[in-house]
Amino acid sequence: MDNSTALETSGSRREWLKKSSLIGSALLTGSFAHATEPVNKPAAVSRRLPIAVSTYSYWPLQGAKYPIKNVIEDAARLGFDGVEILHRSMEEETVAYQNKLKRLAFDNGMTLPLLSIHQNFLQPEAAKRKTDIEHTFKCINMAVQMGIPCVRMNTGSWGTVKNKRQGDYYTHGIEPPIEGYTDEDGIKWTIDGMGECLQYAEKAGVVLALENHWGLSSNIEYLMRMYNALKSSPSMGLNVDTGNFVGEPYAGLEKLAPYATIVQAKTYYGGGTFYDKEMDYERIGKIFQKANYKGFVSLEMEGKEDPKTSVPKSLELLRKAFTFVD
């Protein structure tokens, strides 16, 4: 064998040993399979927001009250995640009654995410505003007793527009201030009153979520001024109601969605009790998905159709709209 043949044979052997070693390592580590198989993208992740139903959906402030006990049981049967309690639909305020509701929710796998209450800060008399502040303190205590983490708050109304249902108030949302006062007075009174309530709520560990609930808060600029003045409090929140907008809701929802603590979602099956509004929930869901909203959506069925049929339809609608695929 000459030198050139020996070198060629030696080089071939070394190359063969090198390839054999690499193949063996690949088989042991699994890297060979990964190198030859196409890389699959991770599966899309679905995020399903929790859906509650408000007791208001069964009792829109008129007629005989529908027992909250029944709402909790109905909600569990239908597949809701929780029940929002409207304070005015409570049959009593005793601790025993509150404990009964809390236990019933627990036994049915339900959470109670929101207590919706009413107050009015647009009152020139400081004593009247103080009465509503003390009412809020009482409701915060009830929320704590029932294990409810959030309380819905209102700015209130000037009370200068009578028979809002019969007039055109809901088409423009403008309510003149009481003579001698301005909206700026109302904004200041709301900030001051909410400030007192927030100090109490901070100690109780409860969030106060100011809602776009007509009155002064129908003006989104005003609402955000009040929110921004109070947002340094760890208990300050924003309750975004999808239906409480003058005209189409989408522009307003895009402004408020990034700050939402909780969402109330209106439906109007059978025609609205106060007004009718077309709601594109596919579009609304995308607005909240873009805002990276992760919290509760609470149904407020405000139509005239029987809740036995309208509430299940509403749940189906909201489940679809608020299940996000990333």
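Residues numbered from 1 in each chain as written. Predicted model: local features only at pLDDT ≥ 70, side-chain atom pairs only at ≥ 80, totals over all residues. Heavy atoms only, no water.

Draft legend 1. Inspection of the environment of Asp326 at higher detail. Within the secondary structure layout, Asp326 lies in the segment after β10 (323-325). A residue is classified by how much of its surface remains accessible, and Asp326, at 54% relative accessible area, is exposed. With 37 residues separating them along the chain, Asp326 and Gln289 place their C-alpha atoms 9.1 Å apart. (Helix = DSSP H or I, 4+ residues; strand = E, 2+ residues; numbered from the N terminus. Buried < 20%, exposed > 50% of the residue type's maximum accessible area, 1.4 Å probe, protein only.)

Draft legend 2. Quick peek at the environment of Gln264. Tracing the backbone shows Gln264 in strand β8 (residues 262-267). As a C-alpha pair, Gln264 and Glu300 span 36 residues in sequence and 6.4 Å in three-dimensional space. If we ignore the near neighbours within four places in the chain, the residues touching Gln264 are Glu84, Leu114, Ser116, Arg152, Glu211, Asn239, Val240, Asp241, Thr242, Ser298 and Glu300. Of the polar contacts made by the side chain of Gln264, one reaches the side chain of Ser116; its length is 3.4 Å. For Gln264, the side chain forms a polar contact with the side chain of Asn239, separated by 3.0 Å. (Contact = heavy atoms within 4.5 Å. Polar contact = N/O pair within 3.5 Å; in protein donor to acceptor, adjacent residues only side chain to side chain.)

Draft legend 3. Expanded view of the pattern of salt bridges. Enumeration over the complete set of coordinates arrives at 16 salt bridges. A salt bridge links Lys188 to Asp192; the shortest N-O distance between them is 2.8 Å. Here Lys188 pairs with Asp192, and both are found in helix α7 (residues 183-204), just four residues apart, close to one helical turn. Within the structure, one salt-bridge network assembled from shared partners comprises Arg48, Asp81 and Arg319. (Salt bridge = Lys/Arg side-chain N within 4 Å of Asp/Glu carboxyl O.)

Draft legend 4. Representation of the pairing of strand β9 (residues 297-301) within the structure. Taking burial as the measure, the five residues of β9 include five buried ones, the bulk of the element. Judged by which residues are buried, β9 turns out to be covered on both faces: Val297, Leu299 and Met301 on one side and Ser298 and Glu300 on the other are all buried. Where strand β2 (residues 51-54) lies against β9, three bridges are found, and the strand directions are parallel. Its bridge partner being in β9, Ala52 is matched across the sheet by Ser298. By the bridge criterion, five bridges tie β8 to β9 in an arrangement that is parallel. Bridging from a neighbouring strand, Thr267 pairs with Met301 of β9. Crossover connection from β8 via helix α10 (residues 281-290) to parallel β9: handedness right-handed. (Pairing = 2+ DSSP bridges. Right-handed = clockwise from strand over helix to strand, strands pointing away.)

Draft legend 5. Layout of the packing of aromatic side chains. One pass over the structure, following the stated rule, counts 16 aromatic pairs. An angle of 55° between the planes, with centres 6.3 Å apart, marks the rings of Phe322 and Phe324 as tilted. Each member of the pair Phe322 and Phe324 is classed as buried. Taken together, the ring pairs in this structure connect Tyr169, Tyr170, Trp214, Tyr268, Phe274 and Tyr275 into an aromatic cluster. Note that Lys164 overlies the ring of Tyr169, its terminal NZ or CZ placed 4.7 Å from the centroid. Its guanidinium or amino end placed over the ring of Tyr250, Arg283 lies 4.1 Å from that ring's centre, counting from NZ or CZ. (Phe/Tyr/Trp six-rings, centres within 6.5 Å; stacked < 30°, edge-to-face > 60°. Lys NZ or Arg CZ within 6 Å of the ring centre and 35° of its normal.)

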